[in-house]
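Read off the chains here:
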Amino acid sequence: MVALLGGCSSTVVGEAYPVDSIGMFDPCAVLSHDDLLNLGVDPGTQEADLFNTHIDGFNVCSWFGPEYYLGLTSTKYTLDDVKANPEYRDFSSGSVAGREVLIFLDVADVESAACNLVFATVQSTAMIRIDKKFGEPQEEEPCALVERVAQTVIRLLP
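Summarised in this report is the structure supplied together with it. (Residues numbered from 1 in each chain as written. Predicted model: local features only at pLDDT ≥ 70, side-chain atom pairs only at ≥ 80, totals over all residues. Heavy atoms only, no water.)

Counted by the stated rule, this structure contains five salt bridges. A salt bridge links lysine 132 to glutamate 141; the shortest N-O distance between them is 4.0 Å. Sharing partners across several salt bridges, the network here consists of Asp106, Arg129 and Asp131. (Salt bridge = Lys/Arg side-chain N within 4 Å of Asp/Glu carboxyl O.)

Structure follows, in structure tokens:
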């Protein structure tokens, strides 16, 4: 996955996490118990995959908090693949913790109740997703929250 880092001019510090057979990191191994509590989710709610179903090309882990759901995904797909996906809209590029990121919404999410942030890692592409819980009051909008979560996650992934 070296191609994902082409054009980067700085060294990325972080810990390499266990990888699967195609080199993707395990998203359930990235955040510590304390990290999860500090991010406002319950470590005891951890779920791997989506509805107990593994999807090829993705390693998914999620946690639940009182106001939102947090998902962390490792994927074999590149940032260019994400940009080309017709299921996503409203892309914006930026930088979080010194790393180039891409923030976007889902086409089907007309109420902007969720927000996604992706960035390249040495092992794969990482995606952070925040979904607001329906009917719950929100202190932060999903895209502001996903950027705050990224401040923690990016520092942990090389």
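Throughout the structure, instances matching the rule amount to four aromatic pairs. Taken together, a centroid distance of 5.4 Å and an interplanar angle of 40° make the contact between phenylalanine 58 and tyrosine 77 tilted. With phenylalanine 58 in strand S2 (residues 58-64) and tyrosine 77 in the loop between strand S3 (68-75) and helix H2 (79-84), the pair connects residues that are 19 residues apart, well separated along the chain. Note on phenylalanine 58: relative accessible area 27%, which makes it partly exposed. A relative accessible area of 33% means that tyrosine 77 is categorised as partly exposed. Taking 4.9 Å as the distance between ring centres and 85° as the angle between the ring planes, the aromatic pair formed by phenylalanine 64 and tyrosine 69 counts as edge-to-face. (Phe/Tyr/Trp six-rings, centres within 6.5 Å; stacked < 30°, edge-to-face > 60°. Helix = DSSP H or I, 4+ residues; strand = E, 2+ residues; numbered from the N terminus. Buried < 20%, exposed > 50% of the residue type's maximum accessible area, 1.4 Å probe, protein only.)

Over its 15 residues, helix H3 (residues 142-156) runs 21 Å from end to end, which matches the ideal 21 Å to within 8%, given 1.5 Å per residue. Alanine 150 marks the point of greatest bend in H3, at about 30°. Those residues of H3 lying buried are Pro142, Leu145, Val146, Val149, Ala150, Val153 and Ile154. Buried residues in H3 make contact with S3, strand S4 (88-96), strand S5 (99-106), strand S6 (114-120) and strand S7 (125-132). (Expected span 1.5 Å × (residues − 1). Bend = angle between axes of the 7 residues up to and from the residue. Contact = heavy atoms within 4.5 Å.)

Right, let's talk about the environment of proline 66 for a bit. Within the secondary structure layout, proline 66 lies in the loop between S2 and S3. Taking the C-alpha atoms as reference points, proline 66 and aspartate 42, separated by 24 residues in sequence, lie 8.5 Å from one another.

The next subject is the nonpolar core. Counting 29 residues, the largest nonpolar core has Leu70, Leu117, Phe119 and Ile128 as the members making the most contacts within it. Breaking this core down by element, the ones donating at least two residues are S2, S3, S5, S6, S7 and H3. In terms of residues, this core owes the most to one element, H3, which gives six residues. Other than its neighbours up to four places away in sequence, phenylalanine 119 contacts Leu79, Arg99, Glu100, Val101, Ser124, Thr125, Ala126, Ile128, Val153, Ile154 and Leu157. One finds Leu102, Phe104, Val118 and Met127 within the second-largest nonpolar core, a separate group that totals five residues. (Core = buried A, V, L, I, M, F, W, Y, C linked by side-chain atoms within 4.5 Å.)

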